[in-house]
Every structure is written in C-alpha cells, then in structure tokens.
Amino acid sequence: DFSEASGCDVLNHPEWIESPAAGAASAAWFWRVNKCNEAIDQGDFRGCQAIVNTGGRTTPANRINGYDERLALWKAVKHVLGIE
C-alpha cells in the first residue's frame, strides 16, 4: 500500500526504505493511514502503541513491545514540552 501511495516501488527495491527520508515517509504514511493522531489527540497513548505494534487499539499493554519504555519516554517529552 505504501508503494502505491508514494509512487516508489519498495517491493522490488526494499533498500530504498532504509534511507532516513524514506523511512520517515513510510512511518508518516503509516501514522496517517492508521489514524494514530486520533488516538494521541484523545490521550490514548496505549491505543496508539497498540495500533503501531498489533494493528488494533484494544491490545493489552503487556502485549505491546517496549510499552513501558515508550510510555516513560512519552511522559518525559510531555514534561519537557510543558504539556503535562
């Protein structure tokens, strides 16, 4: 789907996705297509992480790879930005 959306044939040229620009583009595409901002805007960090790791918002936190570390980093970033 990313190949079609971006116009870049990453299926036949997977090395392309290894560049920082392409990696960021594919991550941004995934974030948008899977509506991760909606989860974050609602304060649903666990739901967003579940989408990224498992494709669904209802996955238990203990099944989300690296959840505790991500949550700690998210809280630290929010503190630095003065959001929380």
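Everything that follows concerns the structure shown earlier in this document.
Conventions and cut-offs
- Residues numbered from 1 in each chain as written.
- Predicted model: local features only at pLDDT ≥ 70, side-chain atom pairs only at ≥ 80, totals over all residues.
- Heavy atoms only, no water.
- Helix = DSSP H or I, 4+ residues; strand = E, 2+ residues; numbered from the N terminus.
- Rg over C-alpha atoms; globule rule 2.2 N^0.38 Å.
- Buried < 20%, exposed > 50% of the residue type's maximum accessible area, 1.4 Å probe, protein only.
- Contact = heavy atoms within 4.5 Å.
- Lys, Arg positive; Asp, Glu negative; His and termini not counted.
- Charge placed at Lys NZ, Arg CZ, Asp CG, Glu CD.
- Phe/Tyr/Trp six-rings, centres within 6.5 Å; stacked < 30°, edge-to-face > 60°.
- Expected span 1.5 Å × (residues − 1).
- Axes fitted to C-alpha atoms, helices over the stretch in contact; angles between N-to-C directions.
- Parallel < 35°, antiparallel > 145°, perpendicular 65-115°, else oblique.
- Left-handed = near helix turned anticlockwise from the far one by under 90°.
- Nonpolar A, V, L, I, M, F, W, Y, C, P; charged D, E, K, R; others polar.

Trainee: Would you mind going over the overall build of the chain in detail, with residue names and values included?
Mentor: Broken down by element type, the chain carries 5 helices and 0 strands. Reading the chain from its N end, one meets helices and strands in the order α-α-α-α-α. Relative to the globule expectation of 12 Å for 84 residues, the C-alpha radius of gyration of the chain, 15 Å, shows a markedly less compact shape. Structurally, the chain occupies a C-alpha span of about 40 × 30 × 20 Å along its principal axes. For the chain, the proportion of its 84 residues judged to be buried stands at 21%. Considering only intrachain contacts with a sequence separation of at least 6, the fraction spanning at least 24 residues in the chain is 13%. Separation of charge centres in the chain, based on 8 positive and 11 negative side chains, amounts to 10 Å.

Trainee: Break down the packing of aromatic side chains for me, citing the residues and quoting the values.
Mentor: In total, this model carries 4 aromatic pairs according to the counting rule given. Each ring, one from Phe45 and one from Tyr67, has its centre 5.9 Å from the other, and the planes form 50°; the classification is tilted. A residue pair is termed long-range when its members are at least 10 positions apart, and Phe45 in helix H4 (residues 45-54) and Tyr67 in helix H5 (residues 67-81) qualify at 22 residues. We note that Phe45, like Tyr67, is buried. One aromatic cluster in this structure is built from Phe2, Trp16 and Trp29.

Trainee: Quick one: what's the story with H5, residue by residue and with numbers?
Mentor: Under the 1.5 Å per step criterion, the end-to-end length of H5 is 21 Å for 15 residues, consistent within 8% with the ideal 21 Å. A positive phi of about 75° marks Gly82, the residue just after H5.

Trainee: An account of the packing of H4 against H5 is requested, with residue identities and associated values reported.
Mentor: Where H4 contacts H5, the axes come no closer than 11 Å and their chain directions differ by 130°. With respect to each other, H4 and H5 are oriented oblique. Helix-helix and strand crossings are classified by hand; for H4 and H5 the assignment is right-handed. Where H4 abuts H5, its residues Phe45, Arg46, Gln49, Val52 and Asn53 lie against Tyr67, Arg70, Leu71 and Trp74. Across the contact of H4 with H5, the residue classes tally to 5 nonpolar, 2 polar and 2 charged.

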